[in-house]
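So the chains spell out like this:
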Amino acid sequence: MSLTIKVKKLSPEARLPKYVHPGDAGMDVYAISKSETDKYVEYGTGLSFELPAGHMLLLYPRSSVTNTDLTLANSVGVLDSGYRGELKLRFRRSGKSDYNVGDRIGQIIILPFPQVEFAEVAELSVSERGSGAFGSTGINNVL
């Protein structure tokens, strides 16, 4: 399945996202700007997207983030189809090691999503798992 997404370069230095290997789920995005505070490092990609209705862009850190002192501030970013601003990544910093302008700083995945309606009910059906949570799978104790 192929999907064409409109992308606007906000700067001549911006690079379009791309897959590195055939079969990859995520496309790498690159930093073209960097601003810093004592708590955050924010990278601009110089890209703005027009996603089709019913689609979202999910923004993840790359695995290389483990070689830095950065943590993506919102864990996973969600870009909605109505947003037309620049795609930026904001990281919390815990030390000095970070990315440089020009580096691949994140990866994006674009997915369709359903429009959901909720139906309030008095009871839910019984399931094998029930209400077990927080590591309860495989533990045979009753709460």
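The coordinates are above.
What counts and what doesn't
Residues numbered from 1 in each chain as written. Predicted model: local features only at pLDDT ≥ 70, side-chain atom pairs only at ≥ 80, totals over all residues. Heavy atoms only, no water. Helix = DSSP H or I, 4+ residues; strand = E, 2+ residues; numbered from the N terminus. Rg over C-alpha atoms; globule rule 2.2 N^0.38 Å. Contact = heavy atoms within 4.5 Å. Areas by Shrake-Rupley, 256 points an atom, 1.4 Å probe, with all protein chains shown as cover. Lys, Arg positive; Asp, Glu negative; His and termini not counted. Charge placed at Lys NZ, Arg CZ, Asp CG, Glu CD. 1 Å grid on protein atoms, 1.4 Å probe; cavity = no way out; pocket = protein on both sides within 12 Å on 5 of 7 lines; lining within 4 Å. Points joined across faces, edges and corners; volume = space filled by probe spheres on them. Nonpolar A, V, L, I, M, F, W, Y, C, P; charged D, E, K, R; others polar.

Novice: Please clarify how the overall build of the protein chain should be interpreted in this entry.
Specialist: Of regular secondary structure, the protein chain possesses zero helices and ten strands. For the protein chain, the α and β elements follow one another from N to C terminus as β-β-β-β-β-β-β-β-β-β. For a compact globule of 143 residues, the expected C-alpha radius of gyration is about 15 Å, and the protein chain comes in at 19 Å, more than 25% above that figure. Principal-axis analysis of the C-alpha atoms gives the protein chain an extent of 55 × 40 × 30 Å. Summarising the internal contacts of the protein chain: among those between residues at least 6 apart in sequence, 71% fall at separations of at least 24. Total accessible area computed for the protein chain in this model is approximately 10100 Å², and 52% of it derives from carbon and sulfur atoms. Here the protein chain contributes 16 positive and 16 negative side-chain charges, whose respective centroids are spaced 8 Å apart.

Novice: In this structure, what is going on with the layout of surface pockets? I would like to understand it.
Specialist: One way to see where empty space is left: roll a probe the size of a water molecule over the atoms. The volume enclosed by the largest pocket comes to roughly 390 Å³. Lining the largest pocket are 18 residues, with Leu 3, Ile 5, Tyr 19, Met 27 and Ile 110 positioned closest to its centre. At five residues, the largest contribution of residues to the lining of the largest pocket is made by strand β10 (residues 104–112). Tallied by class, the residues present in the lining of the largest pocket amount to 15 nonpolar, two polar and one charged.

By themselves, these figures tell us nothing about what the structure is for.
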